[in-house]
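Here's the letter readout for the chains.
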Amino acid sequence: MAMTTCMSASLKKLVTLFLVITFIVKSCVFGHFVVEKSNIRVLSPMSLRSKHDSEIGNFGMPDYGGYLVGSVVYPDKGAYGCQPFDGDKPFTSKGSRLTFLLLDRGECYFALKAWNAQQAGAAAVLVADSIDEPLITMDYPEVSTDADGYLEKIGIPSAFIEKSFGESLKEALKNKEDVVIKLDWRESVPHPEQRVEYELWTNNNDECGARCDEQMDFVKNFRVHAQILERGGYTLFTPHYITWYCPQAFILSSQCKSQCINHGRYCAPDPEQDFGVGYEGKDVVLENLRQLCVHRVANESGRSWFWWDYVTDFHFRCSMKNKRYSKECAEDVLNSLDLPVEKIKKCMGDPEADAENEVFRTEQELQVGRGSRGDVSILPTLVINNVQYRGKLERTAVLKAICSGFKENSDPPVCSSSELETNECLERNGGCWQDKESNITACKDLEFVQDTFRGRVCECPVVNGFQYEGDGYASCIAIGPGRCAVNNGGCWSETLHGLSFSACSVQAPSYLVANAHKGLGGMVTHAKVLIFYQIDYHIDECKAHAACQCDGCSCKNKWGGYECKCKGNLIYIKEQDVCIERSGSKFGWFLTLVILGVVTGAGIAGYILYKYRLRLQSSMDSEIMAIMSQYMPLDNNQNNEASTGARPRQHGTTVYWNQSNQSCKE
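Counting starts from 1 at the beginning of each chain's written sequence and moves along it residue by residue. At least 70 in pLDDT is required for a residue's local features to be given in this predicted model, at least 80 for side-chain atom pairs to be given and counted, and no such filter applies to totals for whole chains, interfaces and linings, which use all residues. Hydrogens and water are ignored here; the side-chain numbers use all heavy atoms of the structure.

Caption draft 1: Spatial organisation of the sheet that holds strand β2 (residues 50-56). DSSP bridges decide pairing: two strands pair if at least two such bridges lie between them. The secondary structure listing takes helices from DSSP runs of H or I that are at least 4 residues long and strands from runs of E that are at least 2 residues long, numbered from the N terminus. One closed barrel holds the seven strands; their spatial order is β1-β2-β6-β5-β4-β3-β7, and the pairing between them is mixed. Each neighbouring strand pair of the sheet contributes to a mean axis angle of 40°, computed without reference to strand direction. Bridge count for strand β5 (residues 124-128) against strand β6 (residues 158-161) is four bridges, and the pairing is parallel. Looking at β6, one finds that valine 127 is bridged to phenylalanine 160. Here, two residues are considered to be in contact whenever any of their heavy atoms come within 4.5 Å of each other. Fitted lines through C-alpha atoms serve as axes, helices being fitted only where they are in contact, and the angles separating the N-to-C directions of these axes extend from 0 to 180 degrees. Relative to β5, helix α2 (residues 110-119) is tilted by about 140°, and along the sheet it contacts β4 (98-104), β5 and β6.

Given below as structure tokens:
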């Protein structure tokens, strides 16, 4: 048993390992990696004046489209920058020039070096390689609880330089020379035409830590900018999703079946890294496919920017953390955005088919790098004009990088102003809940709220002092003791003959709400409780021809019912919906009594006849037994007959009764 458990655990780990490395191996064999560079120009001393390449760090805030000029400083101690520097911001610029801190590679994460440099007052950080090799990309740690505390706070640019260049800078500083350099990002993003093309390689899994949180925050915060650029025709945006594949030897394993679709062709690692808990990798793959198809289908109708709305709303309404990550929740979001669910399903194809999926096959081909763009192997990855973006995935930094990709003097207004004058609630009510009769909406436009840049949010409103509760997308319901005063609490109501009737009850608990539909009563799902309000909804049977339709009948409508009268000397029988003569009714009663009397008399006579026949049968049985006793021995006189010597008759008779007993037993 222990061996079986151990083998099972080993198999799970092996399959997980294969799922993680298969794409990496494929990339190394068929693709290539590209280091995104910026320029460094040494302005002084004259002996060092030259131009060098540097690598842009994958954290912090590169000044895309711009440049910085500053003086280089090399610390007397703590040259690795792995510990906070002594003093209060010792490297803060004391003159007109900025301070660029030069540090050595090694001992700790690149990102930690940048953070400590920023805390010490540096405007940028240079990290010199410790070995002679081509430039590499400085990335931040994949998983680190320590790094989670400072990664998002790094706001300075960073550059990785070759060992030889670093040594020359340190030698000049050792000789007390003033080393001034220019960090230039103006050519980091090519700008071949008036339209910028960019793509985001992402993932919908929200349980993978800091990187997942970073990309979802970026999508939420950059959504409005992206939609303005897309609608104006300034940019062409395309989302992409990385998939892995399951090795042939493991396709039939339960692990591959739970993490992959299309018989192991397209997979994603288990969100919780535990095959027996929570959601499966297959769930992530299917939602990735749905989001790709949302973009495809929306793009066909000229509304490609709806991808940003769907992804933002899906993350808010259907997150794994809230245990609502499902196909049903996704389709609710699609419906709220008026996106064609059936077309998107058709685009997704059959995930159980043993065949290629056209959408994912294209994605896997695009993962391999071409030209100036390297292979995509890290999530999230942003590519602008076929060059991979480096730096913090943050709204302001990314917008600046995209704007640097336009030809000079052709960038759109959004690039020169952070004020976005849009109101997303004007279109489809922002996909939020709305009560059109009362003109109440859950859509709130936040474009003019400083530092939000969230576009719109769907939050149930407060109207006339009464709070509405709900998710803001599908439902909002007035709560509190005064809720019936606001549009009758959303319940059924009607007034007739001066009397008003309503399904709204102020005595009910605040979480019990009615949303009554005319003719049906109310059925509402709230907090997993189904509430039925019993309503006698008024129906006009006379007008509906549902009653009182007999000849000679006159129908009068009443609240809660009707009154039917017959003409002349007639009486109305409701059950049969007929009018009959009043005099005829007396004859009917007489006839009924006669029939009952006849039936009763017949019953009594039958009973008497039955008793008489029983007595007659009993008398005949006694006489027959008396006669038969003279010819055969019965049970009560068998012994006496045996002594008379009538042997043959006794023998024959005895045989007869034995046969009779045997037959009864069989």
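Caption draft 2: Layout of helix α10 (residues 358-367). Every buried residue of α10 is accounted for by Val359, Phe360, Glu363, Gln364 and Gln367. All buried residues of α10 fall inside an arc of 130° around its axis, so they share one side. Per-residue accessibility, obtained with a 1.4 Å probe over protein chains only, is compared with the maximum for each type, and a residue is labelled buried under 20%, exposed over 50%, and partly exposed between these values. The arc in question is formed by the directions pointing from the helix axis toward the C-beta atoms.

Caption draft 3: How the structure looks around unusual backbone geometry. Here the bond from serine 44 into proline 45 is cis, since omega is 5°, no more than 30 degrees from zero. If you trace the backbone, proline 45 turns up in the loop between β1 (37-44) and β2. Its identity is not glycine, yet lysine 176 carries a phi of approximately 65°, on the positive side. Within the secondary structure, lysine 176 is located in the loop between α3 (163-174) and β7 (180-184).

Caption draft 4: A look at the pairing of β6. Here β6 shows a buried face lined by Ser158 and Phe160 and a second buried face lined by Ala159 and Ile161. Two strands pair when backbone bridges link them, and β2 and β6 are joined in this way by two bridges, in the antiparallel orientation. Bridging from a neighbouring strand, isoleucine 56 pairs with alanine 159 of β6.

Caption draft 5: Structural context of the pairing of β7. Burial analysis of β7 places four of its five residues in the buried class, the great majority of the element. Relative to β7, β1 is paired through five bridges, and the arrangement is antiparallel. Bridge assignment links arginine 41 to a residue of β7, and that residue is lysine 182. Strand direction decides the pairing type here: strand β3 (residues 67-73) and β7, joined by five bridges, are antiparallel. Across the sheet, the residue bridging to tyrosine 67 is aspartate 184, located in β7.

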